[in-house]
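# Fold and contact review
Below, each chain spelled out in residue letters.
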Amino acid sequence: MALVEELLLQPTSRSILLGAVVMLLTLVYFCSSRSSSQQQWKEPPGPKPLPILGNLLGIDLKRPYVSLCSMSKQYGSIFTVYFGPKKVVVLAGYQTLKQALVNHAEEFENRDITPIFADFNKGYGILFSNGENWKEMRRFALSTLRDFGMGKRGSEEKIIKETRYLREVFEQFKGKPFDTTQPVNYAISNIISAIVYGSRFEYSDPLFKDMVAWSNENIRLIGSASIQVYNMFPWLHSWVKNRKLIMINRENSIKGINRLVDRLQETLNPQDCRGLIDCFLVCKQKAEESGEKNTLFHKQNLLYTVANLFGAGTDTTAATLHWSLLLMAKYPHVQDRVQEEIDRVVGDRQPVMEDRKNLPYTDAVIHEIQRLANISPMSLPHTTTCDVHFQGFFIKKGTSVLPLLTSALRDENEWETPYTFNPAHFLDKQGRFVKRDSFMPFSAGRRVCVGESLARMELFLFFTSLLQHFRFTAPPGVSEDQLDLTPAVGFTLRPSPHKLCAISRSA
Ligand code: HEM
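Here's a quick rundown of the structure.

Analysis parameters
Residues numbered from 1 in each chain as written. Predicted model: local features only at pLDDT ≥ 70, side-chain atom pairs only at ≥ 80, totals over all residues. Heavy atoms only, no water. Near = heavy atom within 4 Å. Polar contact = N/O pair within 3.5 Å; in protein donor to acceptor, adjacent residues only side chain to side chain. Helix = DSSP H or I, 4+ residues; strand = E, 2+ residues; numbered from the N terminus. Nonpolar A, V, L, I, M, F, W, Y, C, P; charged D, E, K, R; others polar. Donors = N, O, S within 2.8 Å, 3.2 Å for Na, K, Ca; no water. 1 Å grid on protein atoms, 1.4 Å probe; cavity = no way out; pocket = protein on both sides within 12 Å on 5 of 7 lines; lining within 4 Å. Points joined across faces, edges and corners; volume = space filled by probe spheres on them. Pairing = 2+ DSSP bridges. Contact = heavy atoms within 4.5 Å. Axes fitted to C-alpha atoms, helices over the stretch in contact; angles between N-to-C directions. Parallel < 35°, antiparallel > 145°, perpendicular 65-115°, else oblique. Left-handed = near helix turned anticlockwise from the far one by under 90°.

### Considerations on the site of the ligand
As a structural note, the neighbourhood of the ligand is formed by 26 residues, with R111, R138, H382, S443 and C449 the closest of them. Residue R447 places a side-chain N or O atom 2.8 Å away from an oxygen atom belonging to the ligand. The set of elements that each furnish at least two residues to the shell around the ligand consists of α6 (131–147) and α13 (299–330). Top contributing element to the shell around the ligand by residue count: α13, with 5 residues. When the residues that make up the shell around the ligand are grouped by side-chain class, the tally is 13 nonpolar, 10 polar and 3 charged.

### A closer look at the coordination of the iron atom of the ligand
Just one protein atom donates to the iron atom of the ligand; it is C449 (SG), sitting 2.3 Å from the metal. Relative to the helices and strands, C449 resides in the loop between α16 (405–409) and α17 (452–469).

### What about empty space enclosed by the protein?
For the coordinates displayed, the defined rule picks out 4 cavities of 30 Å³ or more. In terms of lining residues, the second largest cavity is bounded by 24 residues, among which Q228, N231, M378, L402 and F491 are the most central. Secondary structure elements with two or more residues in the lining of the second largest cavity: α3 (64–75), β2 (86–91), α5 (115–121), α10 (225–232) and β7 (400–403). Sort the elements by how many residues they give to the lining of the second largest cavity and α10 lands first, with 3 residues. Across the lining of the second largest cavity, the residue classes break down as 14 nonpolar, 7 polar and 3 charged.

### As for the sheet that holds strand β4 (residues 382–383)
In space, the 5 strands of this open sheet follow the order β1-β2-β7-β4-β3, with mixed pairing throughout. At either margin of the open sheet sits one strand with a lone partner, and together these are β1 (78–83) and β3 (110–111). In this sheet, β4 lies alongside β3 in antiparallel orientation, the contact comprising 2 bridges. When the sheet's bridge partners are listed, N110 is paired in β4 with T383. Its contacts with the sheet put helix α4 (residues 94–103) on β2, β4 and β7, and the angle it makes with β2 is roughly 110 degrees.

### So, the packing of helix α11 (residues 241–266) against helix α12 (residues 276–289)
α12 packs onto α11 with a crossing angle of 70 degrees between their chain directions and a minimal axis gap of 10 Å. With respect to their mutual orientation, α11 and α12 come out roughly perpendicular. Crossing handedness for the pair α11 and α12: right-handed. When α11 is examined against α12, the residues V261, L264 and Q265 are found in contact with a partner set consisting of I277, D278 and L281. Here the residues of the contact of α11 with α12 sort into 4 nonpolar, 1 polar and 1 charged.

This is the structure in structure tokens:
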């Protein structure tokens, strides 16, 4: 009922009639296309769809990944499901995901640009573009992020500096319960900001605060049930309230980035690039000077690439760090062992990346946090670039494909205790850290996360610095058992709202 109210902002009988006609046409198209393709090819199995609704009655739109995981138990590791009239092939389990994304990388590399993502990015940037635009922007982002220190000392220094600012904020609460969300968002956002803009922001900067808030709100709204409905029935666009909110936030963000780009343009020195934006502006200038007409280094691509890096670089890593603190408060015996190891190996000095190899238990805990936090359960949707024959099935060119990452992170054939927090998943009998292939929170293949090595560095440095200085506990009167691990609804999975105490360990 709430969903219907959310969708129908201004119902008029004329619009409803129009809707009914379009639905009827969709039904005719849906039935004819399904029956003809079924006659010719063996498609992945799946639940029988209803006209128009497809399999919607069997899918929890707020947590579709949960429904899809249970369907995979019935239909296997590759199955077809209809989100309304939209046919989607779901890939489940580590082996199938790896085979598709890595061994058949080219066939599965395209992004499925659903209506909300098309509105959102207009085909520019990295996350929601395909073809030459995607290749060029991804290549540019990866090489520039590397030049500015992704996975190297440059980023390490930026992150270490930011851990100090974050600790100062935590200290101000003097051990009293508080919501860690906002300070963690600001600190993480400042790392990608420093790389992109060339400098960090004060946590009190009004534009920075707004940009983080718009980005976070959009990620939450994109995961809402009404946006899933809009993706299936895009003609509903003017009635979907959340779409309007998303577009307002998006326009504001793009305007904000534009203002910052203009400021950097005024002081640009091609011999001394301060960040990724300067590098882009130099490429743009060179293309203009050489009269290159079809260059992809234009303003729109710059704005949307920056928006992508800012959004993807903030929400994901901040959500993971947010889970880290909650899980430490929930499992104090694990926190004890992490702190014992940090105290013994690092002592009072600032932890650095070099320490990771000497902190196997802490490293295992961070991996286990990422496995259990499962923040991107369905990755981002892909499509097939051509007709694909895969594991005995036929998948038509252009079919939407969902890599169900959660099914690899909790694959019962891969993990000893898939549903419980167990750092031993990443330790051998001698207590040494072991890599696990089915650990794939960053996805795999050609679309694998651009920021993986940066995110891993951020998680290690923030986690060790915070645990070195604070003991994280539930608020007084709340037991560890009462700390809820149910994720909030959103496109990426964050913990439900909660407060924690950060008690200074030096006191
Ligand atoms: C814990 C942190 C992170 C996680 C779990 C994560 C996870 C993911 C996942 C699952 C995808 C989709 C891959 C696919 O389509 O199969 C992705 C894509 C992407 N991520 Fe991340 N990410 C994280 C941090 C970051 C950071 C810090 C950045 C910024 C530097 C970033 C930038 C991107 C970009 C630009 C893409 C799009 C890649 C493409 O379409 O080619 N991510 N990430």
